[in-house]
Amino acid sequence: MKISIKKSVMTMALVVPGLMMNVASAQEYNLTVAGASPGGLWSLLGAGLDSALKAEYPGSTVTYQTSGGGIANVAVLQRGDASLGIVEDAVLQLARDGEDPFREAVNDDIRVLSYLYTWAPMQAVIREEFAEKHGISSFEDIAKVKPPITIAINKRGNIASSVAEAMLEAIGAGPDEIKSWGGDIIYAASSEQSGLIQDRRIDMFLNSLFVGQSSIMQAASSVDVKLLPLSEDIIQEVAEKTGTNAFTIPGGAYDWAPDETPTVSISATLAVRSDMDEAMAYNLTKSLYENYVKISGVHPAMESLTPEIMADVEVVPYHDGAERYLKEVGLR
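Residues numbered from 1 in each chain as written. Predicted model: local features only at pLDDT ≥ 70, side-chain atom pairs only at ≥ 80, totals over all residues. Heavy atoms only, no water.

## With respect to the overall build of the protein chain
When helices and strands are tallied, the protein chain shows 14 helices and eleven strands. Over its C-alpha atoms, taken along the principal directions, the protein chain stretches across nearly 90 × 40 × 35 Å. Sequence-distant contacts, at least 24 apart, represent 73% of the contacts inside the protein chain between residues at least 6 apart. Of the roughly 15,100 Å² of accessible surface on the protein chain, 48% is carried by carbon and sulfur atoms. In the protein chain, 25 positive and 44 negative side-chain charges are present, and the distance between their average locations comes to 6 Å. (Helix = DSSP H or I, 4+ residues; strand = E, 2+ residues; numbered from the N terminus. Contact = heavy atoms within 4.5 Å. Areas by Shrake-Rupley, 256 points an atom, 1.4 Å probe, with all protein chains shown as cover. Lys, Arg positive; Asp, Glu negative; His and termini not counted. Charge placed at Lys NZ, Arg CZ, Asp CG, Glu CD.)

Shown next, in the form of structure tokens:
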């Protein structure tokens, strides 16, 4: 495991009569955090984690390590190839239960220190012309109407793709059903989906994106689109199956979406190995929570972060050291 801890002790050579001098100690942590590709929000989060740790333990570093993303980061942590890993809650549930792509349950290996964000909702963005032609006003209507719809979801291996599949299956619109209606499901990266809907090669994309993300804004600039809301029952079913959380996109978040849009959201956690030293986990957690503004300041999309949100992970337990800190400050 790429962890090094340096301890140094500095003592005062001069003793002033009548004055008791305490021995001061300083500790430095040199850690790695497994994220995803270089650039993007996760690399910024790595910089925020570094700043938060430095604020508490000067001289410490958190180095961002590129990776294949949350699913890969579970294995990275298990192997001890990184100290920390950014892992989505939906991935943690798959890992906890030993579901595909995990061959066996890893719930005893992985713990968390914090949520990093909880607001990357699954957004069903559909061409307005197509929706009106087929009378589609909600996500469930897709299965009721059975239109020849072509839907783009994220690439296989991306957790947003798995959640999208679960959402479609929950309403009875799995791949076989959609193909029987004359439609199709295609797998495309987030960067490709906007162009596909603009070129009318797809009728809808379903992806985990921050509200106001540029790809959505770009699509809406050249083709009329709308958001499809999920019913409460489907939200509950999907959340239980995937480890996601209920989320409401505020009305007016987009000029063309005046009403609130209920859906589910994929959230990102900061995960560690369960055998991390308890004192280290405590110190890291304290650093992150007491300096959370260093993390929330890395990008406007992070402005909503609070200690209360950070302490709200439920899909897997907090590390014992993190739990101890959270209880001390009344967050658990």
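The structure having been displayed, the exposition proceeds.
## Here we look at the pattern of salt bridges
A full pass over the atoms with the stated rule returns 13 salt bridges. Close ionic contact of Arg79 with Asp81 constitutes a salt bridge, the shortest N to O distance being 2.7 Å. Residue Asp81 is classed as partly exposed on the basis of its relative accessible area, which comes to 28%. Residues joined in a network through salt bridges with shared partners are Glu56, Lys286 and Glu290. (Salt bridge = Lys/Arg side-chain N within 4 Å of Asp/Glu carboxyl O. Buried < 20%, exposed > 50% of the residue type's maximum accessible area, 1.4 Å probe, protein only.)

## Remarks on the side chain of Thr242
Within the fold, Thr242 resides in helix H10 (residues 232-242). Here Thr244 takes part through its side chain, which lies 2.8 Å from a polar atom of the side chain of Thr242. In this structure Thr242 touches Asp89, Ala90, Gln93, Val163 and Ala166, once residues within four positions along its chain are discounted. (Polar contact = N/O pair within 3.5 Å; in protein donor to acceptor, adjacent residues only side chain to side chain.)

## So, the packing of aromatic side chains
Taken as a whole and judged by the stated rule, the model has six aromatic pairs. Relative to Phe210, the ring of Tyr117 lies with its centre 5.2 Å away and its plane at 70°, an arrangement referred to as edge-to-face. On the criterion of sequence distance, the pair formed by Tyr117 in strand S5 (residues 110-127) and Phe210 in the loop between strand S8 (204-208) and helix H9 (214-220) is long-range, its members being 93 residues apart. Judged by its relative accessible area of 8%, Tyr117 falls in the buried class. Centre to centre, the rings of Tyr289 and Tyr325 are 5.9 Å apart; their planes meet at 55°, and the pair counts as tilted. With Tyr289 in helix H11 (residues 278-290) and Tyr325 in helix H14 (residues 320-328), this pair connects stretches of sequence that are 36 residues apart. Judged by relative accessible area, Tyr289 falls into the buried class, the value being 3%. In this arrangement the basic side chain of Arg156 is found over the ring face of Tyr187, its NZ or CZ atom lying 3.7 Å from the centre. Residue placement shows Arg324 over the ring face of Tyr282; its charged tip is 4.1 Å from the ring centre. (Phe/Tyr/Trp six-rings, centres within 6.5 Å; stacked < 30°, edge-to-face > 60°. Lys NZ or Arg CZ within 6 Å of the ring centre and 35° of its normal.)

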